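What follows is each chain in one-letter form.
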Amino acid sequence: MEYNNQQMVAFEVLRDTHNILNKLDIPFWLDGGTLLGFVRDGIFCEGDEDDVDVSTWCDYKDKIPMLINEFVNMGYTIHGNWQDGKGQSHELSMRHKNNKHKVDIFFKERKGEYSWHCLYTGLNPCTWKRNKIRYFNNLREFSIMTNKEDMSFNIPVDYDGYLTELYGDWETPVNRNKWNCYNKGNAFYDPNDEDLKW
């Protein structure tokens, strides 16, 4: 299979992320559009090749300085190290040296039957998004043939349930310009629900 330049760089970002997180003993899994693309199309979603998404648990936030150092040593720059109002990091975004591609590493919080992570936009410091924690407690290996080698990544065993919760009809391709991760839905936290604050 032949890959275009966008896909080639995306594979490089994915490999770098895989190698760095494994080097630092940080367990992680494919998430968001990256997970969607590989389980549906066997490749990055068209139009989403510039954005690699992976997740891990908040237990590993203390390794963010080491993550940054490893990526910087490979020529990446910090796109964002976003924090909530309490100064807790929830997403690290590192930009590839071409200044177009990036990787977003989400640090998910556990609370009850849900996992939570922040989405950041504009003046809003944190929009909490939740998903059932069972999706991430049960992972399996998923093999990806990159443009250079075969690599193994973790994905949720029930990726269909997770992607349905995240996107609805995930099997029908939608251009990224027509989908907004900030759309309100069941996956979003109600800021008026005191029971969900911590």
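A.B. asks: Would you mind going over the environment of G112 with me for this structure?
C.D. replies: Mapped onto the elements, G112 comes out in the loop between strand 5 (102–111) and strand 6 (114–121). In this structure, the C-alpha to C-alpha distance between G112 and I133, residues 21 residues apart in sequence, is 8.1 Å.

A.B. asks: When you look at helix 1 (residues 5–23) in this model, what are you seeing that I'm missing?
C.D. replies: Structurally, the α-helix is built with 3.6 residues per turn, so residues lying three or four positions apart point the same way. Between its first and last C-alpha, helix 1 extends 27 Å over 19 residues, near the 27 Å set by a 1.5 Å rise per residue. Taken together, the buried positions of helix 1 are Q7, V9, A10, F11, V13, L14, R15, D16, T17, H18, I20 and L21. Capping of helix 1 at its N-terminal end is provided by N4; its side-chain oxygen lies 3.1 Å from the backbone amide nitrogen of Q6. Once helix 1 ends, the next one or two residues include D25, with phi positive near 55°.

A.B. asks: Sorry if this is basic, but what is going on with the environment of N154 here?
C.D. replies: With respect to the secondary-structure elements, N154 resides in strand 9 (residues 150–156). Take N154: its relative accessible area is 28%, and that puts it in the partly exposed class. Counting along the chain gives 11 residues from N154 to S143, while the straight-line C-alpha distance between them is 8.6 Å. In this structure N154 touches F28, W29, L30, L139, R140 and E141, once residues within four positions along its chain are discounted.

A.B. asks: Hey, could you run me through the side chain of R95 in this one?
C.D. replies: Tracing the sequence through the fold places R95 in strand 4 (residues 89–95). There is no salt bridge for the buried R95, and the closest opposite charge comes from D50, which lies 6.5 Å off by N-O distance. Within polar-contact distance, the side chain of R95 engages the side chain of H79 at 3.1 Å. Filtering out sequence-adjacent residues up to four positions away, R95 remains in contact with Y76, T77, H79, K100, H101 and K102.

A.B. asks: Would you mind going over the confidence of the model for the protein chain with me for this structure?
C.D. replies: Keep in mind that low pLDDT regions are not for reading the predicted coordinates in detail. Averaged over all residues, the pLDDT of the protein chain equals 84, while 82% of them reach at least 70. Low confidence marks residues 194–198, where pLDDT is under 50. Its contacts with residues over four positions away, or in another chain, come to 13 contacts.

A.B. asks: Whenever I open this one, helix 5 (residues 159–167) confuses me. Can you help?
C.D. replies: What helix 5 keeps buried is the set G161, Y162, L163 and L166. Following helix 5 by one or two positions, G168 adopts a phi angle in the positive range, close to 80°.

A.B. asks: Looking at this model, I keep getting lost on the pattern of salt bridges. Mind explaining?
C.D. replies: Two side chains that carry opposite charge are able to pair once their charged atoms sit near each other. With the rule as written, the count across this model stands at nine salt bridges. Its salt-bridge partner being K23, residue E70 comes within 3.1 Å of it at the nearest N-O pair. Here the residue E70 occupies a position in helix 3 (residues 64–73), and K23 occupies one in helix 1, the gap between them amounting to 47 residues. In this structure, the salt-bridge partner of K102 is D104, at a minimum N-O distance of 2.7 Å. Each member of the pair K102 and D104 is classed as buried. Residues participating in the shared-partner salt-bridge network are D51, K102 and D104.

The rules behind these values
- Residues numbered from 1 in each chain as written.
- Predicted model: local features only at pLDDT ≥ 70, side-chain atom pairs only at ≥ 80, totals over all residues.
- Heavy atoms only, no water.
- Helix = DSSP H or I, 4+ residues; strand = E, 2+ residues; numbered from the N terminus.
- Expected span 1.5 Å × (residues − 1).
- Buried < 20%, exposed > 50% of the residue type's maximum accessible area, 1.4 Å probe, protein only.
- Polar contact = N/O pair within 3.5 Å; in protein donor to acceptor, adjacent residues only side chain to side chain.
- Contact = heavy atoms within 4.5 Å.
- Lys, Arg positive; Asp, Glu negative; His and termini not counted.
- Salt bridge = Lys/Arg side-chain N within 4 Å of Asp/Glu carboxyl O.
- pLDDT = per-residue confidence, 0-100.

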